[in-house]
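As a plain string of letters, each chain reads:
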Amino acid sequence: ISPALSKLRSAVSPVASNLAPAERFIATNRFRVRNAAGFEKRWAERKSRLGTLDGFRYFTLLRRIDGPAFFKDSRPGKDDAPDYISCTLWESEDEYTAWRKGDAFKEAHGGSGGIAAFAS
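Residues numbered from 1 in each chain as written. Predicted model: local features only at pLDDT ≥ 70, side-chain atom pairs only at ≥ 80, totals over all residues. Heavy atoms only, no water.

> Is there a simple way to explain the sheet that holds strand S1 (residues 25-31) in this structure?
The strands that make up a sheet are held in pairs by hydrogen bonds between backbone atoms, and each pair lies either parallel or antiparallel. The three strands are arranged S1-S3-S2 in an open sheet whose pairing can be described as antiparallel. Two strands bound the open sheet, and with one partner strand each, they are S1 and strand S2 (56-63). Strand after strand, the sheet turns through a mean of 15 degrees between neighbouring axes, direction not considered. Examined bridge by bridge, S2 and strand S3 (residues 84-90) share seven bridges and lie antiparallel to one another. Bridged to Leu62 within S3 is Ile85. (Pairing = 2+ DSSP bridges. Helix = DSSP H or I, 4+ residues; strand = E, 2+ residues; numbered from the N terminus. Axes fitted to C-alpha atoms, helices over the stretch in contact; angles between N-to-C directions.)

> Can you walk me through the packing of aromatic side chains in this structure?
For any pair of aromatic rings, the description rests on two quantities: the centre-to-centre distance and the angle between the ring planes. Taken as a whole and judged by the stated rule, the model has 11 aromatic pairs. Aromatic pair Phe25 and Tyr96: ring centres 5.0 Å apart, planes at 40 degrees, arrangement tilted. On the criterion of sequence distance, the pair formed by Phe25 in strand S1 and Tyr96 in helix H4 (residues 93-101) is long-range, its members being 71 residues apart. Ring centres of Trp90 and Tyr96 lie 6.0 Å apart, and the angle between their planes is 70 degrees; on these two criteria the pair is classed as edge-to-face. Each of the two residues, Trp90 as well as Tyr96, counts as buried. A network of ring pairs unites the aromatic residues Phe25, Phe56, Trp90, Tyr96, Trp99 and Phe105 as a single cluster. (Phe/Tyr/Trp six-rings, centres within 6.5 Å; stacked < 30°, edge-to-face > 60°. Buried < 20%, exposed > 50% of the residue type's maximum accessible area, 1.4 Å probe, protein only.)

Without other data, these values stay purely geometric and don't point to any function.
And the structure:
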């Protein structure tokens, strides 16, 4: 370890030393849906092996809501905005790619009951 790096590490506070490394891979998807209740139910009930996969760290599903009136003039047209955005956080792009090419992805996204059935 270089002396400069050693000094940097010793200068980092205990709280900051618990932070995740700065480099991660984030994958997002945008969805416009016809049936919001069905879409949310399908996400809530679907089986997923994400939490068991190498490199997977975090998942969230964000739903668009109408904000306060003072935001309405500054945002893009409502018809152009997605209804939902999914976001996954991975240790690396290679681990994300391995998931995309693997059985866990096919299980979660395949079949007639998949998330795509709700897309508009």
